[in-house]
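Commentary on secondary and tertiary structure
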Amino acid sequence: MLGKRLRHTKRYQEIINVFLKNGFSHFLYRLGLTRSASSGRHTDAAINMNMQDIGKKLCHTFQELGPTFIKLGQIASTRRDSIPPEIARELEKLQDEAVSIPFEEIKALIEKELDDNLNNLFVEFSEKPLATASIGQVHTAHLLTGEEVAIKIQRPGIRRSIEVDLEILQGIARMMEARISWAKTYHIRERIGEFIDSLHDELDYMVEGRNAERIAKRFKRQNSVHIPHIYWDFSTKKILTMERITGIKISKIDLLKEKGYDLKLIANRLADAMFQQVLDDGFFHADPHAGNIFVMPGNVVSLIDFGMMGRLSEDMRHYFAALLIHLQRGSPKGIIKTFSDMDILEDDTDMHALHKDLENLIAKYYDVSLIQYSLGQVILEIFMIAYKHRVKIPNDITMLAKAILTLEDIMHQVDPEFSIMKAVEPYGKKILKKRYNPKTIAATAWDKLIENAEIVGELPKNIRDMTTTIKKGRLRFDIHVSDLQTFLKRLDKISNRISFSIILLSFSILMVGLIIGSAIAGQTTVLWKLPVIEIGSVIAILMFLLLVLTIIRSGKM
């Protein structure tokens, strides 16, 4: 415990010193981490810096602090809905590079993880790494059975140092939410939590291996896409052994042309591979940069490195498809409705201003042809508008937007005439068509009916529990003053609806009594020359329909 505390203290001080050195003393002062807004000879220039300058300094700070902060910056660069675009653009430049690990350490780690001598595991093992990064490095080797493999090896001790950083980041996030309004508005603790989950996945190479296999199953029957095979007998949480891909990097356009590859076909296959993952399965490669894409003989596209993955639920896929369709149709109302359906609009969002900004964005691209249309750029501009109006875009959508933007840059090099907007359109329409298919609607309605039946079944128990709580005097209301008026209005609506329901129930009981009484006595239902029961029945039906309509319109059915 003491050793852990000492590690935290030392690293904590190191982080503070690096931020101070790069001109963030005012930020640390606001968090209460320094006694004044300047420290020694480092004055607080950050106050007068523009956003781009802050981004550059932040990029340099993260680079200096190492793997955890480099990954944090890379993830933050995708959050255009909560990070100023100038800062996000600078954070995109963070490079995940590191000095290679000595071969003796690599050999020792492999032998410990695989519980055998290196010579007994591989016929040949390259001492020089094929690639290096902050979390691990890649070596090539040959298995005893002859297959050429690429082995990803995690840096010794990296997990421990990253865990210390993550615990410190959680503490800083708590302080930020408590003392900085921006951090509270954009739920910085929640964002850090998402980052921690993502980084934990990257530290477990077994997760990456399973990700690769899941994607491979998707393309099992397609010869146009190849995913490297995973050798599980030579893989652990710290070592991942996979098939060595020997194709040409997709960024080497001249070499691809020289070898006679069909660049237009490659562009189409890559786009199809991406959107099949995104919109058909909802599980996709979230980091499709040029270093992770190879072209093999026969114009086959190969994807590698499945450490960072994106996930889209069926609902989220529908919302994304809806956004694409509304963008193409130039409908700001449609975009706002999709935001509303996603439940990401705040109660105080200025809808008129939001509509106007979206209208201006659509007008900007009105006369632009599909070939010139950058889907990723348009989505990023929507995120900038979302940032301005404090609309919280889900993390999965921002990861997808970043992946599309990265992919578009590659497409532009491979085939300058390729339109990613045109390529994604069929998938978007397919999702919307499936969503509004009668069978899908019926299945959804049935699920909701079952869910509501369960709620009704539990209602007596819930009422009994609430009554017991009230009797014991343990019922508490925690209402923020700023929300009091809204709460009272909603309470008033609820009480009116309950009163209306009671009146309807009483009236219905009265009418049933009259019907039964008249039937037993054999008397006419006419009173004062009026058909009372018939009129009463019509009134009861109208009251019932009015109640149902009110509930449906409120969206709380």
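Everything below is about the structure shown above.
Thresholds, definitions, all that
- Residues numbered from 1 in each chain as written.
- Predicted model: local features only at pLDDT ≥ 70, side-chain atom pairs only at ≥ 80, totals over all residues.
- Heavy atoms only, no water.
- Helix = DSSP H or I, 4+ residues; strand = E, 2+ residues; numbered from the N terminus.
- Expected span 1.5 Å × (residues − 1).
- Buried < 20%, exposed > 50% of the residue type's maximum accessible area, 1.4 Å probe, protein only.
- 1 Å grid on protein atoms, 1.4 Å probe; cavity = no way out; pocket = protein on both sides within 12 Å on 5 of 7 lines; lining within 4 Å.
- Points joined across faces, edges and corners; volume = space filled by probe spheres on them.
- Phe/Tyr/Trp six-rings, centres within 6.5 Å; stacked < 30°, edge-to-face > 60°.
- Lys NZ or Arg CZ within 6 Å of the ring centre and 35° of its normal.
- Contact = heavy atoms within 4.5 Å.
- Pairing = 2+ DSSP bridges.
- Axes fitted to C-alpha atoms, helices over the stretch in contact; angles between N-to-C directions.
- Salt bridge = Lys/Arg side-chain N within 4 Å of Asp/Glu carboxyl O.

**As for helix α17 (residues 375–388)**
Between its first and last C-alpha, α17 extends 20 Å over 14 residues, near the 20 Å set by a 1.5 Å rise per residue. Burial within α17 is extensive, with 10 of its 14 residues counted as buried. Taken together, the buried positions of α17 are occupied by Leu-375, Gly-376, Val-378, Ile-379, Leu-380, Glu-381, Ile-382, Phe-383, Ile-385 and Ala-386. At the C-terminal side of α17, Arg-390 shows a positive phi close to 60°.

**Some points on empty space enclosed by the protein**
Enumeration according to the criterion identifies 4 cavities of 30 Å³ or more in this entry. A volume near 90 Å³ is recorded for the largest cavity. The wall of the largest cavity is formed by Phe-320, Leu-323, Leu-324, Leu-327, Phe-339, Met-342, Ile-379, Ile-382, Phe-383, Ile-393, Pro-394 and Ile-397. Of all the secondary structure elements, the ones that give two or more residues to the lining of the largest cavity are α14 (314–329) and α17. Residue contributions to the lining of the largest cavity peak at 4 residues, all from α14.

**Quick notes on the packing of aromatic side chains**
Following the criterion strictly, the structure yields 5 aromatic pairs and no others. Ring centres 5.9 Å apart and planes at 45° place the aromatic pair Phe-103 and Phe-125 in the tilted group. Here Phe-103 is found in helix α6 (residues 103–114), whereas its partner Phe-125 is found in strand β1 (residues 122–125), with 22 residues between them in sequence. Given a relative accessible area of 14%, Phe-125 falls into the buried group. Where Phe-122 meets Phe-234, the ring centres are 5.8 Å apart and the plane angle is 40°; that geometry is what we call tilted. One end of the pair, Phe-122, is in strand β1; the other, Phe-234, is in the loop between β5 (225–226) and β6 (239–243), with 112 residues separating them in the sequence. Here Phe-122 falls in the buried class, since its relative accessible area comes to 3%. Looking at Phe-234, the relative accessible area reads 19%, which means it is buried. Here a set of aromatic residues connected by ring pairs shows up, and it is made of Phe-103, Phe-122, Phe-125 and Phe-234. Lying across the ring of Phe-283, Arg-214 places its NZ or CZ 3.9 Å from the centre.

**Focus: the side chain of His-8**
The topology assignment puts His-8 in helix α1 (residues 2–21). Residues within four places of His-8 in sequence aside, it is in contact with Val-164, Glu-167 and Ile-168.

**Topic: the environment of Leu-354**
Assignment of secondary structure puts Leu-354 in helix α16 (residues 351–364). Measuring from C-alpha to C-alpha, the distance between Leu-354 and Ile-385 comes to 7.6 Å, with 31 residues separating the pair along the chain. Those residues in contact with Leu-354 that sit more than four places away from it in its chain are Ile-336, Leu-345, Thr-349, Ile-385 and His-389.

**Re the sheet that holds strand β9 (residues 293–296)**
Reading across from one edge, β5-β10-β9-β7 is the order of the 4 strands in this open sheet, with mixed pairing throughout. Unpaired on one side and paired on the other, β5 and β7 (248–249) mark the two borders of the sheet. Relative to strand β10 (residues 300–303), β9 runs antiparallel, the two sharing 4 bridges. Note that in β10 the partner of Ile-293 across the bridge is Leu-303. Along the sheet, helix α13 (residues 263–281) contacts β5, β9 and β10; its crossing angle with β10, the most-contacted strand, is approximately 45°.

**Topic: the pattern of salt bridges**
Going through the model one piece at a time under the given rule, you end up with 16 salt bridges. Note that Lys-264 and Glu-417 form a salt bridge whose closest N and O atoms lie 3.4 Å from each other. Of the two residues, Lys-264 sits in helix α13 while Glu-417 sits in the loop between α18 (395–414) and α19 (420–435), which places them 153 residues apart along the sequence. Classification of Lys-264 by relative accessible area gives partly exposed; the value is 43%. Close ionic contact of Lys-388 with Asp-357 constitutes a salt bridge, the shortest N to O distance being 3.0 Å. Remark: Asp-357 occurs in helix α16 and Lys-388 occurs in helix α17; sequence separation between them is 31 residues. Assessed through its relative accessible area of 57%, Lys-388 is described here as exposed. Residues joined in a network through salt bridges with shared partners are Arg-11, Glu-14 and Asp-165.

Spatial relationships are all this shows, so hold off on functional conclusions.
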